[in-house]
Amino acid sequence: MTTITVTVDSDGTDLDITVDDQGEGRPFLVLHGGAGPQTVSDFAGLLATHRPARVITPVHPGFGGTDRPDGLSDVPALAKVYGQLLEELDLTDVTVVGNSIGGWIAAEMALLRSDRISAVVLVNAVGIHVPAHPVADPATLTPAELSALAFHDPAKFAVDPSTFSEAQQAVAAANRAALQVYSGPHAMADPTLGERLAKVTHPVLVAWGESDQVVDTAYGMAYAAAIPGARFELLRGTGHMPQIENPQELLPVVWGFADSSIAEGVEG
């Protein structure tokens, strides 16, 4: 794996994006959630080593000790940044995979209608407003409360912040602050997104951990219903982060969908 810095244009300003680049083959852009880049790093490595895949994993500005410019303050803007990233890396036939707020970013990328993107996979994504099925707001929960909602088996996967070093605590605090900025004033949702998703033309798979209580299964099904032609697939024995709890189930789902989407594109 190589960690590189890619400079992109963000509303006329140069922005440095920290990117992990590994593997060879079909390109995947993997977007992490609010807990930080470490939540997708193992899955990215699994995809790169067990499939002929080149996996690009950026760190959202403001996460993982990186800087976030003041002007980069919402998910649509971040989606445009990653559209520029694909341009800078000259990638085509890219499958975009996003978890949680990374899924929200992926959904906004689908709305860019970039011809560099061949398919989008939303893994327990947030971002839409579903009446009676609100997104749990991390800002109002303790780490233990959030773990209980997020994991099928909290005892196995929960993280204890009291064991963090001072440096780790500082990064975690910065991650929370960046998440709050990007998620906006509506508690992890954009009231306009659900309606706008009707314009998506890329193939989309909505993959959902059935035990998720951060965003429940009904929320996931509503996400799929908002996107023309989207597939919905329920993942057993996992919660909000299937790439951590059950990567061996998620891997063939992601690869199979990317494979079928590219085949359909060639036939079309």
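About the cut-offs
- Residues numbered from 1 in each chain as written.
- Predicted model: local features only at pLDDT ≥ 70, side-chain atom pairs only at ≥ 80, totals over all residues.
- Heavy atoms only, no water.
- Helix = DSSP H or I, 4+ residues; strand = E, 2+ residues; numbered from the N terminus.
- Rg over C-alpha atoms; globule rule 2.2 N^0.38 Å.
- Buried < 20%, exposed > 50% of the residue type's maximum accessible area, 1.4 Å probe, protein only.
- Contact = heavy atoms within 4.5 Å.
- Areas by Shrake-Rupley, 256 points an atom, 1.4 Å probe, with all protein chains shown as cover.
- Core = buried A, V, L, I, M, F, W, Y, C linked by side-chain atoms within 4.5 Å.
- Patch = residues over 30% accessible without salt bridge, like charges linked within 9 Å, V, L, I, M, F, W, Y side chains within 5 Å.
- Salt bridge = Lys/Arg side-chain N within 4 Å of Asp/Glu carboxyl O.
- Lys, Arg positive; Asp, Glu negative; His and termini not counted.
- Charge placed at Lys NZ, Arg CZ, Asp CG, Glu CD.
- Expected span 1.5 Å × (residues − 1).
- Polar contact = N/O pair within 3.5 Å; in protein donor to acceptor, adjacent residues only side chain to side chain.
- Pairing = 2+ DSSP bridges.
- Axes fitted to C-alpha atoms, helices over the stretch in contact; angles between N-to-C directions.

### Quick word on the overall build of the protein
- Tallying secondary structure elements over the protein gives ten helices and eight strands in all.
- In terms of overall size, the protein behaves like a compact globule, its C-alpha atoms giving a radius of gyration of 17 Å where 268 residues would be expected to give roughly 18 Å.
- When each of the 268 residues of the protein is scored for burial, the buried share is 49%.
- The long-range fraction of contacts in the protein, counting pairs at least 24 apart against all pairs at least 6 apart in sequence, stands at 75%.
- Accessible surface, the protein: about 11,800 Å² in total, of which carbon and sulfur atoms supply 51%.

### Remarks on unusual backbone geometry
- Positive phi, normally seen in glycine, also occurs at Arg 113, with a value near 55°.
- Secondary-structure assignment places Arg 113 in the loop between α3 (101–110) and β6 (117–123).
- What makes Arg 113 partly exposed here is its relative accessible area of 47%.
- Unusually for a residue other than glycine, Asn 124 sits at a positive phi of about 45°.
- Examined against the element boundaries, Asn 124 turns out to sit in the loop between β6 and α4 (143–150).
- In this structure Asn 124 comes out as buried when scored by relative accessible area, which is 0%.

### Focus on the nonpolar core
- Formed by 59 residues in total, the largest nonpolar core has its most connected members in Leu 29, Tyr 82, Met 109, Leu 122 and Tyr 223.
- The element contributing the most residues to this core is helix α2 (residues 75–89), with nine residues.
- Beyond its immediate sequence surroundings of up to four residues, Tyr 82 is in contact with Ile 17, Leu 29, Leu 31, Pro 58, Val 59, His 60, Pro 61, Ile 105 and Met 109.
- Core analysis: the second largest hydrophobic core is formed by 24 residues, Ala 48, Val 55, Leu 235 and Val 254 among them.

### Considerations on a negative patch on the surface
- Residues Asp 9, Asp 11, Asp 14, Asp 16 and Glu 88 make up a contiguous surface patch of negative charge.
- Residue placement: Asp 9 occurs in strand β1 (residues 2–10).

### A short note on α2
- The end-to-end C-alpha distance of α2, which contains 15 residues, comes to 21 Å, matching closely the 21 Å that a straight helix rising 1.5 Å per residue would cover.
- Among the residues of α2, those classed as buried are Val 75, Ala 77, Leu 78, Ala 79, Val 81, Tyr 82, Leu 85, Leu 86 and Leu 89.
- Regarding α2, its N-cap is Asp 74, as a side-chain oxygen of that residue lies 2.9 Å from the backbone nitrogen of Ala 77 further along.
- Two residues or fewer past α2, Asp 90 is found with a positive phi of approximately 55°.

### Observations concerning the sheet that holds strand β5 (residues 94–99)
- Judged by pairing direction, the sheet is mixed, and its eight strands sit side by side in the order β1-β2-β4-β3-β5-β6-β7-β8 without closing on themselves. The strands lining the two open edges of the sheet, one partner per strand, are β1 and β8 (231–235). For this sheet, the mean inter-axis angle between neighbouring strands, taken without regard to orientation, is 25°.
- Summarising the sheet, strand β3 (residues 26–31) and strand β4 (residues 53–58) pair through four bridges and their orientation is parallel. Within β4, the residue paired with Pro 27 across the bridge is Arg 54.
- With respect to the sheet, α2 is in contact with β1, β2 (13–22), β3, β4, β5 and β6, its orientation differing from that of β1 by roughly 115°.

### Observations regarding the pattern of salt bridges
- The tally for this structure, following the rule as stated, stands at eight salt bridges.
- As a salt-bridge pair, Arg 54 and Asp 21 come within 2.7 Å of each other at their nearest N and O atoms. With Arg 54 in strand β4 and Asp 21 in strand β2, this pair connects stretches of sequence that are 33 residues apart.
- What emerges from the salt-bridge pattern is a single network uniting Glu 87, Asp 90 and Arg 116.

### A look at the environment of Thr 5
- Within the element layout of this structure, Thr 5 appears in strand β1.
- Distance from Thr 5 to Thr 18, taken between C-alpha atoms, is 4.7 Å for residues 13 residues apart in sequence.
- The contacts of Thr 5, once residues within four sequence positions are left out, are Asp 16 and Ile 17.

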